[in-house]
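Structural characterization, general
Take a look at the letters that make up each chain.
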Amino acid sequence: MNTPINNDQQESPAELGWLHTSEAEVAGSKEALGKLKSSAAETAGHLKTAAASVSTDAKNYAGSVASDAAGAFKEAVETNKTAGADAIANIAHSVKEAADGIEKQSPQVAGMVRSAAEGVERISSDIRDRNVGELLDSVTKFAQRQPAAFFGVGILAGVVLTRIMRSSDRS
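In short, a report on the structure. (Residues numbered from 1 in each chain as written. Predicted model: local features only at pLDDT ≥ 70, side-chain atom pairs only at ≥ 80, totals over all residues. Heavy atoms only, no water.)

The next subject is the overall build of the protein chain. Secondary structure assignment for the protein chain yields five helices and zero strands. Ordered by position in the sequence, the α and β elements of the protein chain form the string α-α-α-α-α. Across the 171 residues of the protein chain, 6% fall into the buried class. Long-range pairs, those at least 24 residues apart, make up 52% of the contacts in the protein chain between residues at least 6 apart in sequence. Of the roughly 14,000 Å² that the protein chain leaves accessible, carbon and sulfur atoms contribute 60%. (Helix = DSSP H or I, 4+ residues; strand = E, 2+ residues; numbered from the N terminus. Buried < 20%, exposed > 50% of the residue type's maximum accessible area, 1.4 Å probe, protein only. Contact = heavy atoms within 4.5 Å. Areas by Shrake-Rupley, 256 points an atom, 1.4 Å probe, with all protein chains shown as cover.)

This is the structure we're talking about:
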């Protein structure tokens, strides 16, 4: 049978049997909760330290790889720079020999050709003696001062390199 609910009389949760928690159990729960919070904070600290360590290691590794790559690139550029300077010196030497060959027939032309060859030798020495950064700075300044000459030299260099490449393909 249904019994009417009397709102005038309210029973406590403990009287109804819903709550059987003693003060000791509440204190134990609070202590466990405190330990859980402490453990979580400690774990978060360890994770943060590990993440920072991994991040630092990754940065160091990336820096090392970049440094190694930059060193290898610089070495390759220096090697090619020296080879280019040697090629220019060989051209100057050949031009001087040509000037010697025409000396008897046209001393004035031979003098101009020899002077041009000496200028080419100075360029070769300059390339050999400077580092790549200095060379790029010199080229940039020249291009700013003499843009028409810069483009003209670029076109001339392209034509010469094309001919050299074609002649080496035929050999």
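Once you've had a look at it, read on.
Another point: the packing of helix α4 (residues 132–145) against helix α5 (residues 147–170). Look at α4 against α5: their axes get within 5 Å of each other, and the N-to-C directions meet at 120 degrees. Looking at the two axes, α4 sits oblique to α5. Every residue of α5 that contacts α4 at Val139, Phe142, Ala143, Gln144 and Arg145 is listed here: Pro147, Ala149 and Phe150. (Axes fitted to C-alpha atoms, helices over the stretch in contact; angles between N-to-C directions. Parallel < 35°, antiparallel > 145°, perpendicular 65-115°, else oblique.)

Along an α-helix, a turn takes 3.6 residues, which lines up residues three or four apart on a common side. When the terminal C-alpha atoms of α4 are compared, their 20 Å separation across 14 residues agrees well with the 20 Å that a helix rising 1.5 Å per residue should span. For α4, the N-terminal cap is Asn131; the gap from its side-chain oxygen to the backbone nitrogen of Gly133 is 3.0 Å. (Expected span 1.5 Å × (residues − 1). Polar contact = N/O pair within 3.5 Å; in protein donor to acceptor, adjacent residues only side chain to side chain.)

Attention now moves to the packing of aromatic side chains. Inspection of the entire model under this criterion finds one aromatic pair. Between Phe150 and Phe151 the ring centres are 5.7 Å apart and the planes differ by 70 degrees, which places this aromatic pair in the edge-to-face class. Here Phe151 falls in the exposed class, since its relative accessible area comes to 55%. (Phe/Tyr/Trp six-rings, centres within 6.5 Å; stacked < 30°, edge-to-face > 60°.)

Turning our eyes to something else, we now look at the pattern of salt bridges. As enumerated under the stated definition, the model contains seven salt bridges in all. Close ionic contact of Arg128 with Asp86 constitutes a salt bridge, the shortest N to O distance being 2.4 Å. One end of the pair, Arg128, is in helix α3 (residues 107–129); the other, Asp86, is in helix α2 (residues 23–102), with 42 residues separating them in the sequence. The exposure class assigned to Arg128 is partly exposed, which follows from its relative accessible area of 32%. (Salt bridge = Lys/Arg side-chain N within 4 Å of Asp/Glu carboxyl O.)

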